[in-house]
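Residues per chain, in single letters:
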Amino acid sequence: LLYLKIQLIILEKKWIYIMENEKAPATLEDYIMLHQQRWSGIIAELNTKMKNFADLIDLQNVIYAKRQDATDYYFGILSKLSNLTRAYKANYSQKYNYYKTQAQSRYSSEAAINAQIDADFRDEKYQIELLDQHAKYISETIKTIDNLIYGISSRIRIEELINHVK
């Protein structure tokens, strides 16, 4: 349990370090909300640039860079999620063995032991679930960026049809 908490603190400090020119969030929830708002803003900005035909050439370069940023960020989240999950499972296993063999109170069933362990690690499990949901959000953001990339060629074709250019 102590190892997992220390690891979470270290991860939070890494997240704070990653963020540039932003006020450091107090909690993981604040961190996630801040980054989801940031990515929503980026998508809105890219979408706005799609409206101006003259900006499409510059937009194509920007959009590929933003996609790479999102992909790097996504895989960073997956790495953190993997580390948290691995530590959670190791701690869960240790706690299970403790309750099964060394605890002064005896539990009537496996379900009772698992329920007690779930209660012991509810905060860690919650953080893993939050990070998993955030990873899914960023994955969907990448798909939205891919749709915008596809939309650039469609936008060019529409302009060609409107202006009878080929």
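Caption draft 1: How the structure looks around the packing of aromatic side chains. In the structure shown here, the tally under the stated rule is five aromatic pairs. Judged by centre distance (5.9 Å) and plane angle (75°), the rings of tyrosine 88 and phenylalanine 121 are edge-to-face. Within this pair, whereas tyrosine 88 is found in helix H3 (residues 56-101), its partner phenylalanine 121 is found in the loop between helix H4 (110-120) and helix H5 (122-163), the two being separated by 33 residues in sequence. Each member of the pair, tyrosine 88 as well as phenylalanine 121, carries the same accessibility label: buried. In this structure an aromatic cluster arises from ring pairing among Tyr88, Tyr92 and Phe121. Geometry around tryptophan 39 places arginine 38 over its ring, the cationic atom sitting 5.1 Å from the centre.

Caption draft 2: Quick peek at the packing of helix H2 (residues 28-50) against H5. Relative to each other, H2 and H5 sit at 5°, their axes nearing to 11 Å. Classified by the angle between their axes, H2 and H5 sit roughly parallel to one another. Taken together, the residues of the contact of H2 with H5 sort by class into 14 nonpolar, nine polar and two charged.

Caption draft 3: Local environment of the packing of H3 against H4. The interhelical angle for the contact between H3 and H4, taken along N-to-C directions, is 130°, at an axis separation of 10 Å. Considered as vectors, H3 and H4 are oriented oblique to each other. Two packed elements cross with a definite hand, and for H3 against H4 that hand is right-handed. The residues of H4 that touch H3, namely those facing Tyr88, Tyr92, Lys95, Tyr96, Tyr99 and Lys100, are Glu110, Ile113, Asn114, Gln116, Ile117, Asp118 and Asp120.

Caption draft 4: Geometry of the pattern of salt bridges. Following the criterion strictly, the structure yields five salt bridges and no others. Taking the shortest distance from any N to any O, the salt bridge between aspartate 132 and lysine 136 comes out at 3.3 Å. Of this pair, aspartate 132 and lysine 136 both sit in helix H5, four residues apart, roughly one helical turn. Judged by its relative accessible area of 46%, lysine 136 is partly exposed. The partner of lysine 143 in a salt bridge is glutamate 140, and the shortest N-O contact between them spans 3.2 Å. Of this pair, lysine 143 and glutamate 140 both sit in helix H5, three residues apart, which is roughly one turn of that helix. Taking relative accessible area as the criterion, lysine 143 reaches 44% and is therefore assigned partly exposed.

Caption draft 5: A look at the nonpolar core. Grouped together as the largest cluster of nonpolar side chains are 33 residues, with contacts concentrated most on Trp39, Leu59, Ile63, Ile138 and Ile145. It is H3 that provides the largest number of residues to this core, a total of 11 residues.

Caption draft 6: A look at the environment of leucine 130. Structurally, leucine 130 is set in helix H5. Distance in space between the C-alpha atoms of leucine 130 and leucine 28 is 8.1 Å, their sequence separation being 102 residues. Excluding its chain neighbours within four sequence positions, the residues that come into contact with leucine 130 are Leu28, Glu29 and Ile32.

What counts and what doesn't
Residues numbered from 1 in each chain as written. Predicted model: local features only at pLDDT ≥ 70, side-chain atom pairs only at ≥ 80, totals over all residues. Heavy atoms only, no water. Phe/Tyr/Trp six-rings, centres within 6.5 Å; stacked < 30°, edge-to-face > 60°. Helix = DSSP H or I, 4+ residues; strand = E, 2+ residues; numbered from the N terminus. Buried < 20%, exposed > 50% of the residue type's maximum accessible area, 1.4 Å probe, protein only. Lys NZ or Arg CZ within 6 Å of the ring centre and 35° of its normal. Axes fitted to C-alpha atoms, helices over the stretch in contact; angles between N-to-C directions. Parallel < 35°, antiparallel > 145°, perpendicular 65-115°, else oblique. Nonpolar A, V, L, I, M, F, W, Y, C, P; charged D, E, K, R; others polar. Left-handed = near helix turned anticlockwise from the far one by under 90°. Contact = heavy atoms within 4.5 Å. Salt bridge = Lys/Arg side-chain N within 4 Å of Asp/Glu carboxyl O. Core = buried A, V, L, I, M, F, W, Y, C linked by side-chain atoms within 4.5 Å.

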